Amino acid sequence: MRVIVCKDYNEMSEKAFEVMKDVITKNPKAVLGLATGSSPEGLYKCMVRDHEENGTSYQDITTYNLDEYVGLPKNHPESYYTFMHKNLFDHIDIKEENTHLPSGSTQEEADTYEKQWDAVTCDLQLLGIGRNGHIGFNEPGTPFAQTTHIVDLTPSTIEANSRFFDHDINKVPKQAISMGIGSILKAKKILLVASGAEKADAVKAMIEGPATESCPASALQKHDDVVVVLDQAAAAGLDR
Ligand SMILES: N[C@@H]1[C@@H](O)[C@H](O)[C@@H](COP(=O)(O)O)O[C@@H]1O
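Cut-offs and rules
Residues numbered from 1 in each chain as written. Predicted model: local features only at pLDDT ≥ 70, side-chain atom pairs only at ≥ 80, totals over all residues. UniProt positions renumbered as here; feature names shortened; annotations may be inferred. Axes fitted to C-alpha atoms, helices over the stretch in contact; angles between N-to-C directions. Helix = DSSP H or I, 4+ residues; strand = E, 2+ residues; numbered from the N terminus. Parallel < 35°, antiparallel > 145°, perpendicular 65-115°, else oblique. Left-handed = near helix turned anticlockwise from the far one by under 90°. Contact = placed C-beta atoms within 7 Å. Nonpolar A, V, L, I, M, F, W, Y, C, P; charged D, E, K, R; others polar. Pairing = 2+ DSSP bridges.

Looking at an unreviewed UniProt entry, the protein chain carries the name Glucosamine-6-phosphate deaminase, with the source organism given as Catenisphaera adipataccumulans. UniProt, in the comment section headed Function (unreviewed entry), describes the protein chain in these words: "Catalyzes the reversible isomerization-deamination of glucosamine 6-phosphate (GlcN6P) to form fructose 6-phosphate (Fru6P) and ammonium ion." Annotation of the protein chain in UniProt includes, under Catalytic activity (unreviewed entry), the sentence "alpha-D-glucosamine 6-phosphate + H2O = beta-D-fructose 6-phosphate + NH4(+)".

Take a look at the structure:
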């Protein structure tokens with residue numbers, strides 16, 4: 001794992017953008033795995049600004065998102081479909097038909113998404129990390145070989161994500177459809193961004209702990225091309 005520590009969220013976003021831009025420049029037909037949450041928002045802003053100022057084109061780029069809540073209509077303000085359009089897709093020249101998000105509530109629908117994912121080679125998978133070490137919605141205890149699946153969210157994730165639902169845990173969906181850890185590890189390159197003190201324990205377990213199902217992100221130790229971009233607060237627990 002290559003670990004880059006930045007002074008703050010903005011610098012983290014700029015550094016992550018450099019990694020992203022390099023992939024897109026080398027391959028304008030790249031397949032990108034995308035993530036939601038506050039961690040990648042700054043990176044998406046950099047991509048939009050670069051598209052507007054430098055004309056970087058996404059015409060031939062294809063995207064696959066990691067996850068989506070079960071039970072929220074597509075156009076719900078907190079659906080990941082809405083998030084991706086609001087933060088990225090509506091501001092760049094990507095073709096709607098080239099963007100993919102998982103959807104549905106059954107394992108059959110999850111398997112269909114995995115088949116689509118298997119048919120492409122992802123050049124760069126972007127990830128955030130949950131406070132309990134989850135990636136996508138793969139909660140602690142998820143087998144590393146897991147493919148796209150329906151997930152029961154843990155109380156800790158429901159609580160963490162309630163900030164997007166008026167701080168009301170009753171409004172947070174209780175399930176999600178998520179690429180598995182095995183799906184994520186299929187990407188050629190992985191870029192994980194994390195900021196803030198509340199991520200420090202998960203970041204330490206991911207990088208310096210053993211590769212164990214109790215920290216889903218520690219599975220990334222098994223991949224040979226991972227770049228982790230952190231701000232100082234998220235890196236605070238690291239020994240090295
Ligand atoms: N499913 C998403 C994850 O993909 C994301 O990494 C995590 C952290 O979110 P944030 O970046 O807002 O802290 O939250 C959600 O649960």
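Draft legend 1. Looking closely at the packing of helix α1 (residues 9–26) against helix α2 (residues 41–54). The contact between α1 and α2 brings their axes to 8 Å, and the two run at 55°. Taken together, the axes of α1 and α2 lie oblique to each other. Both α1 and α2 take part in a crossing whose hand is right-handed. When α1 is examined against α2, the residues Tyr9, Asn10, Ser13, Glu14, Ala16, Phe17, Met20 and Lys21 are found in contact with a partner set consisting of Gly42, Leu43, Lys45, Cys46, Met47 and Asp50. For the contact of α1 with α2, the per-class residue count stands at seven nonpolar, three polar and four charged.

Draft legend 2. Spotlight on the sheet that holds strand β4 (residues 67–69). Across the sheet, which stays open at both edges, the three strands sit in the order β4-β8-β7 with antiparallel pairing between neighbours. Since the sheet does not close on itself, it has two edges, and those belong to β4 and β7 (149–152), each with one partner. Between one strand axis and the next, the sheet turns by 25° as a mean value, whatever way the strands run.

Draft legend 3. How the structure looks around the UniProt feature "domain: Glucosamine/galactosamine-6-phosphate isomerase" (unreviewed entry) in the protein chain. In the numbering used here, UniProt assigns the "domain: Glucosamine/galactosamine-6-phosphate isomerase" (unreviewed entry) feature to residues 11–226. The distance separating the terminal C-alpha atoms of residues 11–226 is 19 Å; by composition the span is 32% helix and 14% strand.

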